[in-house]
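These are the residues of each chain, in order.
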Amino acid sequence: MKEFDYVITDELGLHARPAGQLVKAASACPCAVRLTANGQTVDAKRVMGVMRLAVKKGGTLTVTCEGEGEEAAAETLRAFLTANL
Amino acid sequence: MLKGTGRPAYSGIAIGRICLYKKEQQDLPASSGDAAAEQQKFDEAKERARAELTELYEKAVRDIGQQQAEIIDVQRLMLDDLDYLESVEALIKSGASAAQAAKESGDSFSAAFAAMDDEYMKARAVDVRDVSGRIVSILCGHKNTAADVEGILVAEDLTPSETVQMPKDRIQAFVTRQGSSNSHTAILARIMNIPSLVQTQIALDDSLDGRTMIVDGFEGVYYIDPDEATLAAMREKQHRAEERRSELEQFRGRPSVTKAGRRVQLFANIGKPEDVKQALAGDAEGIGLLRSEFLYLGRTDFPTEEELYQAYCSIVTGMGGRRVVIRTLDIGADKQVDYFGLEHEDNPALGYRGIRICLKQEEIFRPQMRAIYRAAACGPVSVMFPMIASVWEVRRVKEFCAGIQSELKAEGVPCGEVELGIMVETPAAAIESAALAKEVQFFSVGTNDLTQYTLAIDRQNARLDEFYDSHHPAVLSLLRLIAQNARRAGIWCGICGELGADSTLTEEFIRMGYDELSVSPGRILELRRKVCESEATIDEGI
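Describing the overall build of chain B
Working step 1: Looking only at helices and strands, chain B features 20 helices and 16 strands.
Working step 2: Going through the 542 residues of chain B one by one, you find that 42% of them count as buried.
Working step 3: Considering only contacts in chain B between residues 6 or more positions apart, those separated by 24 or more positions represent 67%.

Remarks on the interface of chain B and chain A
Accessible area lost upon the coming together of the parts serves often as the stated size of an interface.
Working step 1: Across the boundary between the two partners, chain B contributes 23 residues, which contact 18 residues of chain A.
Working step 2: Looking at the side of chain B that touches chain A element by element, the count peaks at 6 residues for helix α2 (residues 66-79) of chain B.
Working step 3: For the side of chain B that touches chain A, a count of residues per class yields 12 nonpolar, 3 polar and 8 charged.

Focus on the packing of helix α1 (residues 35-64) of chain B against helix α6 (residues 125-140) of chain B
All names here are of chain B.
Working step 1: It is the contact of α1 with α6, at a shortest axis distance of 9 Å, that shows an interaxial angle of 115 degrees. At the point where α1 passes α6, the crossing takes the right-handed sense. Across the interface between the two elements, K41, A45, K46, R48, A49 and E52 of α1 pack against R134, I135, I138 and L139 of α6.
Working step 2: A per-class count over the contact of α1 with α6 returns 5 nonpolar, no polar and 5 charged.

Quick look at the packing of helix α1 (residues 16-27) of chain A against α2(B)
The description of two packed helices rests on the angle between their axes and on the distance between the axes.
Working step 1: With their axes 9 Å apart at the nearest point, α1(A) and α2(B) run at an angle of 45 degrees to one another. Taken together, α1(A) and α2(B) sit at an angle that is classed as oblique. Seen from above, α1(A) lies across α2(B) with left-handed handedness. Here α1(A) contributes A:A16, A:R17, A:G20 and A:V23 to the contact with α2(B), which in turn contributes B:E70, B:I71, B:D73, B:V74 and B:L77.
Working step 2: A per-class count over the contact of α1(A) with α2(B) returns 5 nonpolar, 1 polar and 3 charged.

Focus on α1(B)
Residue and element names in this part refer to chain B.
Working step 1: For α1, which comprises 30 residues, the first-to-last C-alpha distance of 41 Å matches the rise-based estimate of 44 Å (1.5 Å per residue) to within 8%.
Working step 2: Regarding α1, the residues found buried are E38, K41, F42, A45, K46, A49, L53, L56, Y57 and A60.
Working step 3: Immediately downstream of α1, the backbone of G65 shows phi near 95 degrees, a positive value.

Thoughts on the sheet that holds strand β15 (residues 492-495) of chain B
Working step 1: Within the closed barrel, the 8 strands sit side by side as β9-β10-β11-β12-β13-β14-β15-β16 (chain B). Their pairing is parallel. With direction set aside, neighbouring strand axes in the sheet form an average angle of 25 degrees.

Quick notes on the confidence of the model for chain B
Working step 1: Summary statistics for chain B give a mean pLDDT of 88 and a share of 95% for residues scoring 70 or more.
Working step 2: The ipTM assigned to the predicted complex is 0.72, against a pTM of 0.62.

Quick notes on the sheet that holds strand β1 (residues 2-5) of chain B
Residues and elements named next belong to chain B.
Working step 1: Read from one edge of the open sheet, 8 strands run β1-β8-β7-β3-β4-β5-β6-β2, paired in mixed fashion. If you trace the sheet from one side to the other, it starts and ends with β1 and β2 (7-10), each paired once. Put simply, the sheet's adjacent strands are angled 30 degrees from each other on average, direction ignored.
Working step 2: Note: strand β3 (residues 13-21) against strand β4 (residues 151-155), 4 bridges, orientation parallel. Directly across from Y21, in β4, lies its bridge partner A155.
Working step 3: Contacting β3, β7 (212-216) and β8 (221-224), helix α9 (residues 228-249) runs over the sheet at an angle of about 115 degrees to β3.

Comments concerning the nonpolar core
Working step 1: B:I287, B:I372, B:I422 and B:I482 are the most contacted members of the largest nonpolar core, which has 81 residues in total.
Working step 2: Counting residues in hydrophobic clusters, the runner-up holds 63 residues, among them A:V33, A:M48, B:Y57 and B:V164.

Brief notes about the environment of B:M369
Residues and elements named next belong to chain B.
Working step 1: Here M369 shows up in helix α13 (residues 362-375).
Working step 2: Taking the number of C-beta atoms within 10 Å as the measure of exposure, M369 has 25 and is therefore buried.
Working step 3: Setting aside residues no more than four positions away along its own chain, M369 makes contact with C401 and I404.

Regarding unusual backbone geometry
Working step 1: Here the phi dihedral of A:N38 falls at roughly 50 degrees; this positive angle occurs in a residue that is not glycine.
Working step 2: The residue A:N38 is located in the loop between β2 (32-37) and β3 (40-43) in this model.
Working step 3: Note on A:N38: 11 C-beta atoms within 10 Å, which makes it exposed.
Working step 4: Even without a glycine there, the phi angle at B:Q199 is positive, about 55 degrees.
Working step 5: Within the secondary structure layout, B:Q199 lies in the loop between β6 (196-198) and β7.

Focus on the environment of B:E274
Working step 1: For B:E274, the location among the structural elements is in the loop between β9 (265-270) and α10 (276-281).
Working step 2: In this structure the C-alpha to C-alpha distance between B:E274 and B:G318, which are 44 residues apart in sequence, comes to 9.7 Å.

Parameters and conventions
- Residues numbered from 1 in each chain as written.
- Chains lettered and ligands numbered in written order.
- Predicted model: local features only at pLDDT ≥ 70, side-chain atom pairs only at ≥ 80, totals over all residues.
- Helix = DSSP H or I, 4+ residues; strand = E, 2+ residues; numbered from the N terminus.
- Buried ≥ 20, exposed ≤ 12 C-beta atoms within 10 Å, placed from the backbone.
- Contact = placed C-beta atoms within 7 Å.
- Nonpolar A, V, L, I, M, F, W, Y, C, P; charged D, E, K, R; others polar.
- Axes fitted to C-alpha atoms, helices over the stretch in contact; angles between N-to-C directions.
- Left-handed = near helix turned anticlockwise from the far one by under 90°.
- Parallel < 35°, antiparallel > 145°, perpendicular 65-115°, else oblique.
- Expected span 1.5 Å × (residues − 1).
- Pairing = 2+ DSSP bridges.
- pLDDT = per-residue confidence, 0-100.
- Core = buried A, V, L, I, M, F, W, Y, C linked by C-beta atoms within 7 Å.

Here's what the structure looks like:
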């Protein structure tokens, strides 16, 4: 299992557009990806759940990758978050 | 005459006929009793919805741009959302028809969004309703009518796909009962420059269709069946608004010269290469502040010299011979750039930032300065250094720059002359401006920081609003001193902070002797008018 925290810096937080892009990025990973924020955990491959996390600017998102290719998945998602959120 | 109010989403006046936009009432077909058949109907409708959304997405990219169009793309993802599909499947298994299951699942997901305490997320309920509504419509065999509207559009609320489908050239205004300033209607209205109101109390009655309506997007007021006096008054207001716009247009392309013949250059503040388009559209005479942080943010490692060079060069080339003033990296602990490895500071505004980082960590400064000297081969470039407080800092930086230039020449890399200046944004630099002026070729006053440091007031702290005075006599007298010392030393000086755009001070700046004001691109024509109409001359007494 590979896990890391990311603090959202985007003014709008994890809003619809990047949530969609994040789901696309997560869906491309072979392993299971879970997101945790404000005590809620959702499947990163399901867009409604990810949007409902409603992580705001300054909020911490915990990304957990588990299974095949978890190392690479965590790296990809970290790069995505840094570049977009 | 009926008068009502709403929240303005975009200013302007529209006068026209009401087009009432109502969604069709849908009678949901009952289940055939065969769950497998219903599931198949749903799956087919889902695929059709996907095809429609793909088409709509492409139209949206053409009409309103890639970024806004991605809202439609999120809907495509929702179609495949397992939570949604599982909910539909369970309802069908328990005896619902495909249409009932799609509607009920959509409604419950949308209600979950609507109940959230975040205004932005609340507004997303409409996306969920939009996508499930599309499937339901397909299952009910309905056709979409959003493409046939014209005039002043009055509706309960508009979904993103409806707004995208509407013919922009035939719509004069949007008026909705719901919606917020984050709603798609509001966003679209701003992109399309159409006067619009959201959150009105208008009663959506069939009899509204075709009646005359006035939308005042300045005041947030609408009139239905206006009387002659109101109609005349609003036509006058519409006329005046257009006149004001076209009056400002007359100042496009004109030099910014006062009646007494003094030239004040009006430059634009920008933050990335894409902003060049707006700077040119705003009729900027140059770029007075290029915030160079853009290439450093949102990545995991430092940009290379080549990346920096390409970006600067595209801006310099884009400005077609007009001067570009690049401010070197102004990053500190208050910005989230992990790879700089900056330690947490309790007071980042007074911390390790701006030129202090560049002087201590040459490996960061070197690629940027090399890129700037190389970009100077593409057109006129100036560079200014942030957070200067002492003369020795400027001497060190100048030495460093001279080294960079001779290094590039020795390597045979094409480079040009770069005008060297400093940001005057610390009270120390303002007070020492006579000595500093002997070292550099220009000053640019960063009024935001200068004010914050002079008054010891943190702009981010809302509780200090009543203590904050942007026209504080202490700040104005520093501004006067800076300009005076620049003139004595024979160098030019400008203002690139927010205060530069304050048109109540434009004449005062002219009197102080400022040569340049750098503001956001949309403010240039307005300030040029101010300059051209001014009788002010430099106050030699100061």
